[in-house]
Amino acid sequence: MEHLPRLRMTKPLFAARAMQSRLNLGLALFQAREYQAALDPLRRARTVHPASPELLFALGSSLARTHQNAEAQRVFEEFVRVQPDTAEWHVFWGDAYASQNQVDKAAQEFARALELDPKVAAAHFSLGVLALGHRNLEAAEKEFQAELANHPGDPQAQYHLAFVWLKRQNREPALKLLEQVVREKPDYAEAHYSLGKALLEHGSVPPAIRHIEMAARLKPGKSYLHYELGRAYMKAGRHAEAEHEFQLTRKLKATEHPVEQ
C-alpha cells in the first residue's frame, strides 16, 4: 500500500494558524459578550493583526466594558485612525453615554449607527434599554423585536423582550421565550430568575424552584435571588430551607449595602 506523504507544518505557519485561532476565539467571545474572557486572545492576536478594525473594535469595547478605560481609549484612538466613523463606533459611544446617564446623547449615537448600518448589532437593543429606563414598554418592545429581526437568537434581546412582555401581561409568549433562552443559554442567571419568578406568581411552584435555584447557583452572591428562592420554598412548605435563604439574604444585603458607623 502506497504511503501518503506526511504534511509538515513549519513553525511560522503553525504560529500564524495559532494566532488566527486566537483572533477567532477572541471575536467569538466578544460576540457572546464574554468581555473579560475575550481580552487575552484579542491582545495576543493584535501582535499579528495590529491594524484590523474588527479586532481593535472588539478589544476596545471589551476593555471599556471591563472598566479598563485608559487602555480602551488608546485602542479606540487607533481604531479611529484605521477606520473612522463606523456604525460600531457609534454604538460604542452610545453605550458610553448611556453608562453616564446621558440619555439624549446616547440615543443620538445609536440613531447615527443605524443610519450607517441598519443592521448593526446592539443599536436597537440599546435603544430598547433606554426606552425601558423611561418605562416606555411599547417603544422598548419594538426595539428588541427589531434587534431580533436583524440578529435572531440574540439571548439578551430575547430576555429583554420577554421581560417587556411580562410587564405588559403577555405571559404565555414571555414564558415560551424565556424557556427558549435558558434552553439555549443555560448559564443565563437572569433568565432563570425571571422565568422562575413568573412561574411562581402563577402557582407553578416546583418548576419555579428549579429555575430560581439555578439562578442562585450561577450568581450565589445576589441577595434578591436568595430572597426569591426563600419565597418559593415557603410556598412549597419547605420552611426550614426558606428561613435559611432569608437569613442568607440579610447577610448578603449587609455586604451589598454596609451600614455606616
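Along each chain, numbering runs from 1 in the same order as the chain's sequence is written. Restriction of local features to residues with pLDDT of at least 70 applies here, the model being predicted, together with a cutoff of 80 or more for giving and counting side-chain atom pairs; totals for whole chains, interfaces and linings are based on all residues. The side-chain quantities take in all heavy atoms of the structure and omit both hydrogens and water.

Asks: Give me the lowdown on the packing of helix α6 (residues 103-116) against helix α7 (residues 123-133), citing residues and values where you can.
Replies: In helix packing, the relevant descriptors are the interaxial angle and the interaxial distance, both defined with respect to the helix axes. Between the N-to-C directions of two axes lies an angle of 0 to 180 degrees, each axis being a line fitted to C-alpha atoms and, for a helix, fitted only over the stretch in contact. Helix and strand definitions here come from DSSP, where helices need a minimum of 4 consecutive H or I residues and strands a minimum of 2 consecutive E residues; each element is numbered from the N-terminal end. Taken N-terminus to C-terminus, the directions of α6 and α7 make an angle of 155 degrees; their axes are 9 Å apart at the nearest point. Taken as axis vectors, α6 and α7 run roughly antiparallel relative to one another. Like other packed secondary-structure pairs, α6 and α7 cross with a definite hand, here left-handed. Mapping the contact onto sequence places V103, A106, A107, F110 and L114 in α6 and A123, H124, S126, L127 and L130 in α7. Roughly parallel means an angle under 35 degrees; roughly antiparallel means over 145; roughly perpendicular covers 65 to 115; every other angle is labelled oblique. Crossing handedness: left-handed means the near helix sits turned counterclockwise from the far one by under a right angle, and right-handed means the same turn made clockwise. Residues are treated as being in contact if the distance between any of their heavy atoms lies within 4.5 Å.

Asks: With reference to specific residues and values, describe unusual backbone geometry.
Replies: With a phi close to 65 degrees, R33 is a non-glycine residue in the positive phi region. With respect to the helices, strands and loops of the structure, R33 is situated in the loop between α1 (11-31) and α2 (35-46). On the basis of relative accessibility, which here comes to 22%, the residue R33 falls in the partly exposed class. The phi dihedral of A122 is positive, around 80 degrees, even though this residue is not glycine. Inspection of the secondary structure assignment puts A122 in the loop between α6 and α7. Each residue gets one of three labels from its accessible area relative to the maximum for its type: buried under 20%, exposed over 50%, partly exposed in between, using a 1.4 Å probe on protein chains only.

Asks: Hey, could you go over the nonpolar core for me, with residue numbers and the actual values?
Replies: In these notes, a set of buried Ala, Val, Leu, Ile, Met, Phe, Trp, Tyr and Cys residues joined through side-chain atoms within 4.5 Å is what counts as a nonpolar core. Counting 37 residues, the largest nonpolar core has A140, F144, L161, L178, A191 and L195 as the members making the most contacts within it. Within the residue set of this core, elements represented by two or more residues are α7, α8 (137-150), α9 (155-167), α10 (171-184), α11 (189-201), α12 (205-218), α13 (223-235) and α14 (239-256). L42, A58, F76 and W89 belong to the second-largest nonpolar core, a separate cluster that totals 21 residues.

Asks: Give a description of α12 that names residues and reports values.
Replies: End to end, α12 covers 20 Å across 14 residues, agreeing with the expected 20 Å (1.5 Å per residue, within 8%). Buried within α12 are the following residues: V205, A208, I209, H211, I212, A215 and A216. Here the buried face of α12 lies against α10, α11 and α13. By this rule, a helix spans an expected 1.5 Å times one less than how many residues it contains.

Asks: Quick rundown of the environment of L148? Include the residues and the values.
Replies: Considering the arrangement of structural elements, one finds L148 in helix α8. Placed 24 residues apart in sequence, L148 and H124 show a C-alpha to C-alpha distance of 8.9 Å.

Asks: So what about the packing of aromatic side chains? Which residues, and what values?
Replies: When the centres of two rings from Phe, Tyr and Trp lie within 6.5 Å, Trp using its six-membered ring, the rings pair. Their planes under 30 degrees apart give stacked, over 60 give edge-to-face, and anything left gives tilted. Enumeration over the complete set of coordinates arrives at 13 aromatic pairs. Ring geometry for F57 and F76: centres 6.2 Å apart, planes at 75 degrees, overall edge-to-face. With F57 in helix α3 (residues 53-65) and F76 in helix α4 (residues 69-82), the pair connects residues that are 19 residues apart, well separated along the chain. Taken together, F30, Y35, F57, F76, F79, W89, W93 and Y97 form an aromatic cluster joined through their ring pairs. When the NZ atom of lysine or the CZ atom of arginine is within 6 Å of a ring's centre and also within 35 degrees of its normal, the charge is said to sit over that ring. Of note, R33 hangs over the ring of F125, and the distance from its end group to the ring centre comes to 5.5 Å.

Asks: Can you lay out the environment of N150 for me, pointing to particular residues and giving the numbers?
Replies: By the secondary structure assignment, N150 is in helix α8. On the accessibility criterion, N150 (22% relative accessible area) is partly exposed. Along the sequence, N150 and K119 sit 31 residues apart, while their C-alpha atoms lie 5.7 Å from each other. Excluding its chain neighbours within four sequence positions, the residues that come into contact with N150 are P118, K119 and H124. Definition of a polar contact: a pair of N or O atoms within 3.5 Å, with one able to donate and the other able to accept a hydrogen when the atoms are protein atoms, and with sequence-neighbouring residues admitted only if both atoms are side-chain atoms. Reaching out from N150, the side chain makes a polar contact with the backbone oxygen of P118 at a distance of 3.2 Å.

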